[in-house]
Amino acid sequence: MYRERTTRTGRAATLAARLSAAAAVGYLGVGLAAHAATPAAARADLFATPEPVIGPAMAVVGAVLLGRVPGHRVLQLTTVIGCFACVFAGSFGLAGLGFSGSDDPAPVFRIAAWLTLWTWVPSFVSFATLFPLIFPDGRLPSRRWRPVAIAAISLVVTMSLLTAFTDIQPEGDQPPNPVAVHALDPLLGTFQTVLDPLLPTLALLAFGSLVLRFLRTDPQGRRQIAWVGYALALAVGTSFLAPSPFVLVTTLAVPVAIGVAVVRYRLFGIDLVVNRTLVGAALVACSALVYAAVVGWLGGLTSGRSTVVGFVGAVAVAAVFHPLYVRIQRGADRLLNGMRGDPYRVLGRLTEVLRTADSPRSAMRQAVTAIAADLKLPAVTVQVDRPGAPPVVESVGDPDRAVHAVPLRWHDDVVGSFRVAPRTGTDRLAPIDEALVDDLAAQLAAVGFALRLATDLERSRDRLVAAREEERRRIRRDLHDGIGPQLATAVMALDVAARAVGERPERAASLVGAARSQLQESVADVRRIVHGLRPPALDDLGLLGALQATGPGLLPDGEGPPRVSIDGSGRLDGLPAAVEVAAFRITQEAMTNAVRHSGAASISVRLTGGPDAVVIEVVDDGRGCPADAPAGLGLRSMRDRAAELGGSCSVGPAPGGGTSVRAVLPLGGAP
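Keep in mind that what you see is a predicted model, and the values were worked out from it rather than measured. (Residues numbered from 1 in each chain as written. Predicted model: local features only at pLDDT ≥ 70, side-chain atom pairs only at ≥ 80, totals over all residues. Heavy atoms only, no water.)

**Quick notes on the overall build of the protein**
Along its length, the protein carries 19 helices and 9 strands. Relative to its full complement of 671 residues, the protein shows a buried share of 39%. Sequence-distant contacts, at least 24 apart, represent 67% of the contacts inside the protein between residues at least 6 apart. Accessible surface, the protein as shown: approximately 36400 Å² in total, 62% of it carbon and sulfur. (Helix = DSSP H or I, 4+ residues; strand = E, 2+ residues; numbered from the N terminus. Buried < 20%, exposed > 50% of the residue type's maximum accessible area, 1.4 Å probe, protein only. Contact = heavy atoms within 4.5 Å. Areas by Shrake-Rupley, 256 points an atom, 1.4 Å probe, with all protein chains shown as cover.)

And the structure:
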């Protein structure tokens, strides 16, 4: 029931607004006809004010659009302002006709003259004070603005009553107010003193509320405010720079902008309109300068004016028109949108920034700054995800505004995200911006991958340094706590045996035997330490032979599964020592993992020695490795050993099932 009543009320209000607009426009038509019938000598300049043009435009726009948005307060106020402007302009025309031929015109002309005294107040003052307060959604910016709205409404009512029922306005050639209340005459000076500063103060406050709303609102509201702001700037600017007829035409932009801002702002881009306006104005100005320069120069040479001079000036303008248009359009695009219209230059600048940066992190930081500056975007954010470490984030502007996200893809891996904010006053990127952002994301993906690799290398280096120090500590402990005491004990035993060899030979022999045992244990410990540093089998059998000789039960002739086949091809002899040890340890760890965890029936190991690298492939037919399984110490050790040499080690599913381990170890500058 409530909804039906509201709908019925909205329809009635819309019908009333449309009837009022039709009546006001019709009344204006009568006034214009009367103005045309007035003798030229007695005819006042009706079009010296914008009401005859802006009045019907605002009345029609407001009344028509109320059918699409019933009850919209901005459109209702627009209709009221337009109706009063039409009444003022129509009354002006009628009053001019009535008073031009007689000092005692008919009552209808006297009423028209009385209407000209005060109908401009609800039109002009409402537009200057109330309209900015409720635009574009029909509500005040906040409750704090209620006193300003109440003051504006009070000002409209007070000024309307004073101008309608007193002689507060300067008389001039205008007849005295026939309904003036002369009892208020002593107070008119006080009213004038209060109202004169109050009107500009409220107008400035209303304009300030619109600016504040623009700064705080969302992109949708900014676009709506930008439409009306652009139209007002155009109308005010032309009033100072252009002749009166052109001002009247540009004044029509205000009601049109109001209508677009309320119902059509999503379909028309204000940035495109501003762009075309700047280009057109600059092109006209430059063409006029070229024409004036050429005509003035030739006129000075010929000492006169001729059609030939004008023709040459026109030809000069035509010759420079297209180059001027291209340069001005490019300058306007860069002023409003940066270098969006020149994507190759943007990509070239980004490539140069990435090339000259001293580190991946610095490259990412400089790239984000360059993109935001070149494209004039309010916010740009790049995030690179690092497994096992916090993500790297570089931002310019407010990261929360960067809502358009593009993944950073490097081959089949997503290394992070690239997010940008739409331009000010919009809620999404233009298609040309989206295409350029995709191209920039492809460039940034390489930097993101390099940053992730740098992080992995730093962590690997830290682990390798820690492992090296731990190994040194272990060797020191073994030498100090194991071999050292054994050798000291053996030396002491030999010293005692040397003293006892003459007197007690059997005691000397026993001590020599004990020293021999101590030395044998020391030799075993030395061999164990040496084997931990570098397996002796590598020196004796080579890489392939050492692998084939390690681990009982892993060779094909061992007892029970799995069956292991180890093959090699290419250059596997004479490898650098570091490459040999890394290849041996990685292969040994991969085979051990397959035996312990995969449940495989067979394991295939293949080593390929190339001119630049050694490739290791260990494939089993077991149950495979789960995708979400965490990397253990063995897998990290294999990857660290490969990364130390500048290579890589990857673990994944095998084509026929099971697990595949593939390591690539560069040979570097080794012979």
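From this point, the narrative continues.
**As for the sheet that holds strand β1 (residues 380–386)**
Read across the sheet, 4 strands follow the order β2-β1-β4-β3 without closing on themselves; strand pairing throughout is antiparallel. Across the chains shown, the open sheet's two edge strands, defined by having one partner strand only, are β2 (389–396) and β3 (404–410). When the angles between neighbouring strand axes are averaged without regard to direction, this sheet yields 20 degrees. (Pairing = 2+ DSSP bridges. Axes fitted to C-alpha atoms, helices over the stretch in contact; angles between N-to-C directions.)

**Description of the pattern of salt bridges**
According to the stated counting rule, one finds 5 salt bridges in the structure shown. Its salt-bridge partner being Arg365, residue Glu394 comes within 3.8 Å of it at the nearest N-O pair. With Glu394 in strand β2 and Arg365 in helix α14 (residues 360–375), the pair connects residues that are 29 residues apart, well separated along the chain. One salt bridge in this structure joins Arg452 and Asp413, with 2.8 Å as the shortest N-O distance. In this pair, Arg452 sits in helix α15 (residues 431–500) while Asp413 sits in strand β4 (residues 413–420), placing the two residues 39 residues apart along the sequence. (Salt bridge = Lys/Arg side-chain N within 4 Å of Asp/Glu carboxyl O.)

**Details of helix α18 (residues 577–598)**
With 22 residues, α18 extends 31 Å from end C-alpha to end C-alpha; this agrees with the ideal 32 Å at 1.5 Å per step. Backbone geometry just downstream of α18 places Gly599 in the positive-phi region, at approximately 65 degrees. (Expected span 1.5 Å × (residues − 1).)

**Observations regarding unusual backbone geometry**
With omega at 10 degrees, the peptide bond leading from Phe135 into Pro136 counts as cis. You can see Pro136 is positioned in the loop between α5 (120–134) and α6 (146–165).

**Describing the sheet that holds strand β9 (residues 659–666)**
Spatially, β5-β6-β7-β9-β8 is the arrangement adopted by the 5 strands of the open sheet, whose pairing is mixed. Sheet topology places β5 (563–570) and β8 (648–653) at the edges, where each strand pairs with a single neighbour. Pairs of neighbouring strands in the sheet enclose a mean axial angle of 10 degrees, with direction left out of account. Note: strand β7 (residues 613–620) against β9, 7 bridges, orientation antiparallel. Residue pairing across strands places Val618 opposite Val661, the latter belonging to β9. Seen against the sheet, helix α17 (residues 536–548) touches β5 and β6 (602–609) and runs at an angle of roughly 170 degrees to β5. Here α18 sits on the sheet and contacts β5, β6, β7 and β9; the angle it forms with β7, its principal contact strand, is near 5 degrees.

**Digging into the pairing of β1**
Successive side chains on a regular strand alternate, one facing one side of the sheet and the next facing the other. As judged from the 6 bridges shared by β1 and β2, these two strands associate in the antiparallel manner. Note on β2: the bridge partner recorded for Thr381 is Ser395. Hairpin connection from β1 to β2: 2 residues lie between these consecutive antiparallel strands, with Gly388 at a positive phi of about 75 degrees. As paired elements, β1 and β4 share 5 bridges and run antiparallel to each other. Across the sheet, the residue bridging to Val380 is Val420, located in β4.

**Describing the nonpolar core**
Counting 34 residues, the largest nonpolar core has Val125, Phe131, Leu133, Phe135, Leu155 and Ile258 as its most contacted members. Secondary-structure elements contributing two or more residues to this core are α2 (51–66), α3 (73–100), α5, α6, α7 (188–216), α8 (219–241) and α10 (253–264). For this core, the element with the highest residue contribution is α6, accounting for 7 residues. (Core = buried A, V, L, I, M, F, W, Y, C linked by side-chain atoms within 4.5 Å.)

**Regarding the pairing of β7**
Most of β7 is tucked away: 6 of the 8 residues are buried. In terms of strand pairing, β6 meets β7 through 7 bridges, oriented antiparallel. Its bridge partner being in β7, Thr608 is matched across the sheet by Val615. Counting the residues that bridge the hairpin from β6 to β7 gives 3 residues.

**Let's talk about the packing of helix α4 (residues 107–118) against α6**
Where α4 contacts α6, the two axes come as close as 8 Å, and the packing angle between them is 145 degrees. The handedness of the crossing between α4 and α6 comes out as right-handed. In this structure, α4 uses Trp114, Leu117 and Trp118 to contact α6, whose residues at the interface are Ser160, Thr163, Ala164 and Phe165. For the contact of α4 with α6, the per-class residue count stands at 5 nonpolar, 2 polar and no charged. (Left-handed = near helix turned anticlockwise from the far one by under 90°. Nonpolar A, V, L, I, M, F, W, Y, C, P; charged D, E, K, R; others polar.)

**Thoughts on the packing of aromatic side chains**
Tallied over the full model, the rule gives 8 aromatic pairs. Between Trp410 and Phe449, the aromatic rings sit 5.5 Å apart at their centres with planes inclined by 20 degrees, giving stacked as the arrangement. Here Trp410, found in strand β3, pairs with Phe449, found in helix α15; they are 39 residues apart in sequence, far enough to count as distant. Through a chain of ring-to-ring contacts, the aromatic side chains of Phe84, Trp114, Trp118 and Phe165 assemble into a single cluster. (Phe/Tyr/Trp six-rings, centres within 6.5 Å; stacked < 30°, edge-to-face > 60°.)

**Here we look at the packing of α2 against α3**
With their axes 7 Å apart at the nearest point, α2 and α3 run at an angle of 145 degrees to one another. Seen from above, α2 lies across α3 with left-handed handedness. Taking contact as the criterion, the partners of Glu51, Pro52, Gly55, Pro56, Met58, Ala59, Gly62, Ala63, Leu65 and Leu66 in α2 are, on α3, Leu75, Gln76, Thr78, Thr79, Ile81, Gly82, Cys83, Ala85, Cys86, Phe88 and Ala89. When the residues that make up the contact of α2 with α3 are grouped by side-chain class, the tally is 14 nonpolar, 6 polar and 1 charged.

**Remarks on the environment of Phe214**
For Phe214, the location among the structural elements is in helix α7. Residue classification places Phe214 among the partly exposed positions, given a relative accessible area of 26%. The sequence separation of Phe214 and Gln224 amounts to 10 residues, and the corresponding C-alpha distance is 9.2 Å. With residues near it in sequence (within four places) discarded, Phe214 still touches Arg222 and Ile225.

**Topic: the environment of Leu28**
You can see Leu28 is positioned in helix α1 (residues 2–37). The exposure class of Leu28 is buried, given its relative accessible area of 3%. Considering only alpha carbons, one finds Leu28 and Ala89, 61 residues apart in sequence, at a separation of 6.3 Å. In this structure, Leu28 is in contact with Pro52, Pro56, Cys86, Ala89 and Gly90, ignoring residues within four places of it in sequence.

So yeah, pure geometry; function would need other evidence.
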